[in-house]
Amino acid sequence: MNDATLPASGGLDLRINPGLDPVALAAEYQRDGRVRIADFFVAGASDLHDYLDDTDEWIQLISTDDGVLEFDVDELAEMGARRRARIERDKHRRACTGFQYSYAGIRVPEVDDPDEEPSPLLDFARFMASAPLLNLISKITGADDLHFTDGQATAYGVSDFLTAHDDDVAGKNRVAACVFGMTRVWRLEWGGMLLFHGEQGQCAQGLVPQFNTLDLFKVPQIHSVSLVSPAASHRRLAVTGWLNQ
């Protein structure tokens, strides 16, 4: 398989590992409905990690009954202890009975938007729209005419989580979800695991955050991200999105 290389408007040059075996990956995907691909990139992964780790563009996103709370880095730094404690208390209360999330995000730009400024995430969007990448994912999933959509970088810090859901949104025509892992340092006991839910409340599989991986899984499929422990000394970094038809 040829490398997937694109001109880097924001300095990001991503290349797919040419040693990946689409046949073996497809067999695992068809058997389990999901596959983790290690060492996905042979170039660009470190640059993407460094951008995500260093940027101050993150927006903290917390779902509520009335919409989504959004806080930039400065707002979080200036927030009083009482308000922060109330927000924390309320999000955990809502998680007891319904869908809830808390994490930091940065939207991945649309590749055809002429007003987008050059950035590493714009380079990433172009990579996701490239023929080599889409051809590889088509071979693994068995689905044709795929398009990348709704991408975002995510950073899960202490007390962040994502409760159970299946990614099946009316009108989106989602075939598969993808999570590009960009987490260099992690311990299993820190949480932040991608959990796939089995029958009768059992965990079918739990995946620890790692670096330079692609988690690809069928939609719909119940999954969640477990709570990040106060012991975590790093953030769980990834870029996520969906492949639709």
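For the structure itself, look to the data block above.
Colleague: I keep staring at the overall build of the chain and nothing clicks. Help me out?
Modeller: When its secondary structure is counted, the chain shows six helices and 14 strands. Its C-alpha radius of gyration of 18 Å places the chain within 12% of the 18 Å reference for a compact globule of 245 residues. Seen along its three principal axes, the alpha-carbon backbone of the chain occupies a region of about 55 × 45 × 35 Å. Expressed as a percentage of contacts within the chain between residues at least 6 apart in sequence, the contacts between residues at least 24 apart total 78%. Carbon and sulfur atoms make up 48% of the accessible area of the chain, which totals about 12200 Å². Placing the 22 positive and 38 negative side-chain charges of the chain at their respective mean positions leaves the two points 7 Å apart.

Colleague: Would you take a moment to explain the pattern of salt bridges for this structure?
Modeller: Pairing between side chains of opposite charge can happen when their charged atoms approach one another. In this structure the tally under the stated criterion is ten salt bridges. The closest approach of N and O atoms between aspartate 215 and arginine 36, which form a salt bridge, is 2.8 Å. Within this pair, whereas aspartate 215 is found in strand S12 (residues 211-218), its partner arginine 36 is found in strand S2 (residues 34-38), the two being separated by 179 residues in sequence. A relative accessible area of 23% places arginine 36 in the partly exposed class. Of the charged contacts, one joins glutamate 88 and lysine 91 as a salt bridge, the two residues approaching to 2.8 Å between their closest N and O atoms.

Colleague: Mind showing me how you'd approach the nonpolar core here?
Modeller: Counting residues in each nonpolar core, the largest one holds 43 residues, and the members touching the most others are Phe40, Leu52, Phe124, Phe180 and Leu216. The residues touching phenylalanine 124, leaving out its near neighbours within four places in the chain, are Leu12, Leu14, Leu48, Val108, Phe148, Phe180 and Val239. In terms of nonpolar packing, the next biggest core, distinct from the first, is built from ten residues, Tyr156, Trp190, Val228 and Ala232 among them.

Conventions used here
All chains use their own residue numbering, which begins from 1 and follows the written sequence. Local features in a predicted model are, by the rule used here, given only for residues with pLDDT of at least 70; side-chain atom pairs are given and counted only at 80 or more, and totals for whole chains, interfaces and linings are based on all residues. Side-chain metrics rest on all non-hydrogen atoms present in the structure, leaving aside hydrogens and water. Strands are runs of DSSP state E lasting at least two residues, helices are runs of H or I lasting at least four, and both sets are numbered from the N terminus onward. C-alpha atoms define the radius of gyration in this analysis, and the globule rule sets the expected value at 2.2 Å times the number of residues to the power 0.38. Contacts are assigned to residue pairs with any non-hydrogen atoms lying within 4.5 Å of each other. Surface accessibility follows the Shrake-Rupley procedure with a 1.4 Å probe radius. Residue values consider only the protein chains on display as shielding. Only four residue types enter the charge count, namely Lys and Arg as positive and Asp and Glu as negative; His and the chain termini do not. Taken as the charge location is NZ of Lys, CZ of Arg, CG of Asp or CD of Glu. A pairing counts as a salt bridge when a side-chain nitrogen of Lys or Arg comes within 4 Å of a carboxyl oxygen of Asp or Glu. Only protein chains enter the accessibility calculation, which uses a 1.4 Å probe; a residue is then buried when its area is under 20% of its type maximum, exposed when over 50%, and partly exposed in between. As used in this record, nonpolar core signifies buried Ala, Val, Leu, Ile, Met, Phe, Trp, Tyr and Cys residues forming a set joined through side-chain atoms within 4.5 Å.

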